[in-house]
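A look at the structure
Listed below, chain by chain, are the residues.
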Amino acid sequence: MRPDEIRFGPAPLGLAAGRGPVRVTWLGTAGFAIEHEGFVVLIDPYLTRASLGQCARGALVSDPEVLAAHVSRADAIVAGHAHFDHVLDVPTLARVTGARVFGSKSCARLCRAAGVHERQVVDVESSMGQSPVEAEVGPFALRFVPSAHSAFALGRVPFEGEIADCPELPLGVHEYRCGAVFSVDLRVAGRRLYHLGSAELIDAQARPGVDLLMLCVAGWTTTPRFAPRVLSALDPGVVLLSHWDNFFQPFSRGAAPLPAMKMGALVDALSAQSRGLAVGTLDHFGSLSL
Ligand SMILES: [Zn+2]
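All of these numbers come straight from a predicted model, not from anything done at the bench.

Rules behind the numbers
- Residues numbered from 1 in each chain as written.
- Predicted model: local features only at pLDDT ≥ 70, side-chain atom pairs only at ≥ 80, totals over all residues.
- Heavy atoms only, no water.
- Helix = DSSP H or I, 4+ residues; strand = E, 2+ residues; numbered from the N terminus.
- Buried < 20%, exposed > 50% of the residue type's maximum accessible area, 1.4 Å probe, protein only.
- Pairing = 2+ DSSP bridges.
- Right-handed = clockwise from strand over helix to strand, strands pointing away.
- Axes fitted to C-alpha atoms, helices over the stretch in contact; angles between N-to-C directions.
- Donors = N, O, S within 2.8 Å, 3.2 Å for Na, K, Ca; no water.
- Core = buried A, V, L, I, M, F, W, Y, C linked by side-chain atoms within 4.5 Å.
- Contact = heavy atoms within 4.5 Å.
- Phe/Tyr/Trp six-rings, centres within 6.5 Å; stacked < 30°, edge-to-face > 60°.
- Lys NZ or Arg CZ within 6 Å of the ring centre and 35° of its normal.

Cis rather than trans, the peptide bond between L169 and P170 has omega equal to -5 degrees. Here P170 lies in the loop between β8 (140–146) and β9 (182–188). Even without a glycine there, the phi angle at D235 is positive, about 45 degrees. For D235, the position within the fold is in the loop between α7 (226–234) and β12 (238–242).

Below is the structure:
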């Protein structure tokens, strides 16, 4: 199934009419901008989209022009884990916007090394006691839920481990170590949104009753019972698929699926579990309101 065959349309889902007060915009890869009353939360914003050649050549740097073209405000930036396709642009966006950054120890180390002001950096991994860390950002209540990364690289999580203290920047792809993995549970305007940035989860950590689930596709085929576990743990009303596009290509090429995503099979697996479940995608910078 091609992505445009499962795209959100105004009529089938009744979501894209634009009347809800919460706007969700897909930034490509696992990236989203969530807006309400002028406040903006960015999740895993990866806009630079380094080419395969750039990734192979070595150290990666953010593209300030692309960032400036697509982000004008952020009050919080959330990093689910520290792979380059989730955090490369986080320090630059934090410096430009002044937003607080919420992420793992690895993410915090990266931000400090990149000169993000200490008062902006929130290490949700070290702050976590018995229960997940919670934070308020304007009208948003954020909850950082321990999660997991899919083991899609021959049964292993790619680039496991941590980004060390005071890393020498810029880093190469392999130096963006995964670090601790978090999902984010957002509550705003009576809605509950949940971001799963890798296709794995810790079932017992997730709470059911989500209005919109932003669900990572990449790696789902190697995760045991992914669809039934996600639906049982989160019981979403709507599933918005992400991290299925080829992020080695610039935005000008459009959102083309990465090879072997088997997105149609995932939609079938989700639909088989929950009849009538709304599942779809957006274009790059496409939005829905809820
Ligand atoms: Zn990853």
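Once that is clear, we can look at the pairing of β12. Note on strand geometry: in a regular strand, side chains alternate between the two faces of the sheet. Counting buried positions along β12 gives five out of five residues, so the element sits mostly inside the fold. Covered by surrounding structure in β12 are V238, L240 and S242 together with V239 and L241, the residues of both alternating faces. Taken together, the five bridges between strand β11 (residues 212–216) and β12 define a ladder with parallel strand orientation. Across the sheet, the residue bridging to L212 is V238, located in β12. For the crossover that starts at β11, traverses α7 and ends in the parallel β12, the hand is right-handed.

We now examine the sheet that holds strand β1 (residues 23–26). The sheet built from seven strands is open, its strands ordered β6-β5-β4-β3-β2-β1-β14 with mixed pairing. With partners counted over all chains shown, the strands left at the sheet margins are β6 (121–123) and β14 (287–289), one partner each. In this sheet, adjacent strand axes meet at a mean angle of 20 degrees when their direction is disregarded. Sheet topology places strand β2 (residues 32–36) next to strand β3 (residues 39–43); five bridges connect them, and they run antiparallel.

H81 (NE2), H83 (ND1) and H149 (NE2) make up the full set of protein donors to the zinc ion, lying at 2.1 to 2.2 Å. Each donor residue of the zinc ion belongs to the same chain, with the gaps between them written as H-x1-H-x65-H. With H83 in the loop between β4 (76–78) and α4 (84–87) and H149 in the loop between β8 and β9, this pair connects stretches of sequence that are 66 residues apart. Residue H83 shares its accessibility class with H149, and that shared class is buried.

A word on the nonpolar core. One finds V24, I34, F144, L193, L241 and L270 to be the most contacted residues of the largest nonpolar core, which totals 98 residues. Residues within four places of I34 in sequence aside, it is in contact with V22, R23, V24, F39, V40, V41, I43, F140, L186, L193 and M214.

This part takes up the packing of aromatic side chains. For the coordinates displayed, the defined rule picks out seven aromatic pairs. Ring centres 6.3 Å apart and planes at 80 degrees place the aromatic pair Y46 and F247 in the edge-to-face group. On the criterion of sequence distance, the pair formed by Y46 in the loop between β3 and α2 (52–57) and F247 in the loop between β12 and α8 (263–273) is long-range, its members being 201 residues apart. Residue F247 is classed as buried on the basis of its relative accessible area of 7%. Every member of this aromatic cluster is reached through a ring pair, and the members are Y46, F84, F247 and F248. The positively charged end of R73 is found above the aromatic ring belonging to F39, 5.2 Å away from the centroid.

Nothing here speaks to function; it is geometry throughout.
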